[in-house]
Amino acid sequence: MAEVIPSQYSEGFCCSCKMAVNIQRQMNDCQGQTRFRHVIHGRNAFLNEDIETLISRMVDNIDSDDEMIANDTGRSSSGTYKRQIRGGQSCESTNRPAGNIDEEYRLHESSHCLQFSDLWYNVNKLESTSYHHSLTISIYEKYTMDNIIPLYRKIISNVKLSNNNKNYENDESTVQANYVALTFGDDQYYSLDINSDRLLIPEKVPLIVKHLYPQSTDDPKKYLILNANNISTKGDECNKAGVSYEAFFKQSNRCGVKRSSCLNNQPSHLWKHDMDAIESGIPGSYFLENFVTFPQNSKVMEKINGTETLNLHYEMDYTSELLIHKETNYNSVLTTSNYIRYTL
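Residues numbered from 1 in each chain as written. Predicted model: local features only at pLDDT ≥ 70, side-chain atom pairs only at ≥ 80, totals over all residues. Heavy atoms only, no water.

An unreviewed UniProt entry annotates the protein chain as Generative cell specific-1/HAP2 domain-containing protein originating from Acyrthosiphon pisum. Within the UniProt record for the protein chain, the comment given under Subcellular location (unreviewed entry) is "Cell membrane". According to the UniProt record, the Sequence similarities (unreviewed entry) comment for the protein chain is "Belongs to the HAP2/GCS1 family." (UniProt positions renumbered as here; feature names shortened; annotations may be inferred.)

So this is what it looks like as structure tokens:
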């Protein structure tokens, strides 16, 4: 029988109406008390006393009837309702829930669990930029002796040269062509930092739930650009893309903050932010289309030599040179007419 290995961190936690219960639970769960420093007010009044000792004393001295409450915005004839901050459950109700509850303090508790979305994003690191420029050449030689009806013989046709394919020689070795790159413009033309920016690409979701995730559509313009400092690769930091069980379970004052705390700045939030910006007619902050210009006649994403490549349009000045050598043994009287015609 295979050994069952428990998860290192729970999927969630419960919040009680009792402050002492919530604090004691989190100190035990987080294997330390440092995450509760913010619940001590007026720390400067106790400079000679260790903060951990203060927290322990506070927990020991809290009356079991004290409640961790927040004032509800609604009022009734009976006055202000008292509710647990994160769960929102009433801390005044004396109604006992159905079922047998051994511990009195578990009455009216709320449970808070983290569940992952069906939509996941691949995080891609950008590498150094490179450029691609190409041209196609054809060479025809004039072979008639008159200028009335000029005729041309094809020497080479539709030869493609580029900065990645710079040299050409025909089978007869009568034509050589060389592509020479002279200048390349600003390497920082695009508003992307290859050292700190990350490209987030959505994965496909099951067809049965695709209608729930419009951001899963394979549209490169809607890929997300996010700074690496705003991504938690281990899932142990709150309010960063990639929050996982550890961050959610160990978040500071987890029962003393509003519901969904620790879960901000996720890819779904960033996608909605820029979609709202589009509807409002203002620039967004995260879509790839806010940073670059896309090519018109080529794929935005393609695999080149085994590497996923992001193709973008470059509009700055670029200078190249084409050198063509043509051997000619055509003996005739030279005229002002061109014997070689180049078309680019």
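**Some remarks on the overall build of the protein chain**
Helices and strands together make up the secondary structure of the protein chain, namely four helices and 15 strands. Residue pairs in contact within the protein chain that sit at least 24 positions apart in sequence constitute 61% of those at least 6 positions apart. Entry remark: accessible area of the protein chain is about 22,800 Å², with carbon and sulfur atoms responsible for 47%. (Helix = DSSP H or I, 4+ residues; strand = E, 2+ residues; numbered from the N terminus. Contact = heavy atoms within 4.5 Å. Areas by Shrake-Rupley, 256 points an atom, 1.4 Å probe, with all protein chains shown as cover.)

**Remarks on the confidence of the model for the protein chain**
Residues with a pLDDT of 70 or more make up 69% of the protein chain, whose mean pLDDT is 75. Throughout residues 32-52 the model reports pLDDT below 50, and contacts reaching past four residues in sequence, or to other chains, amount to 32 contacts. The low-confidence segment residues 332-340 (pLDDT under 50) makes 14 contacts with residues lying over four places distant or belonging to another chain. (pLDDT = per-residue confidence, 0-100.)

**Considerations on the sheet that holds strand β10 (residues 197-202)**
A sheet is described by the order of its strands in space; here three strands give the open sequence β5-β10-β11, paired in antiparallel fashion. A single partner strand is all that each edge strand has here, and the edge strands are β5 (121-125) and β11 (224-227). Averaged over all pairs of adjacent strands, the angle between their axes in this sheet comes to 35°, without regard to strand direction. Across five bridges, β5 lies against β10 in antiparallel orientation. (Pairing = 2+ DSSP bridges. Axes fitted to C-alpha atoms, helices over the stretch in contact; angles between N-to-C directions.)

**Observations concerning the pattern of salt bridges**
Inspection of the entire model under this criterion finds six salt bridges. Among the ionic pairs, Asp-219 bridges to Lys-222, the shortest N-O distance being 3.9 Å. On the accessibility criterion, Asp-219 (27% relative accessible area) is partly exposed. Taking the shortest distance from any N to any O, the salt bridge between Glu-246 and Lys-250 comes out at 3.6 Å. Separated by four residues within a single helix, Glu-246 and Lys-250 lie in helix α3 (residues 245-250), roughly one turn from each other. Members of the salt-bridge network, linked through shared partners, are Asp-219, Lys-222 and Glu-289. (Salt bridge = Lys/Arg side-chain N within 4 Å of Asp/Glu carboxyl O. Buried < 20%, exposed > 50% of the residue type's maximum accessible area, 1.4 Å probe, protein only.)

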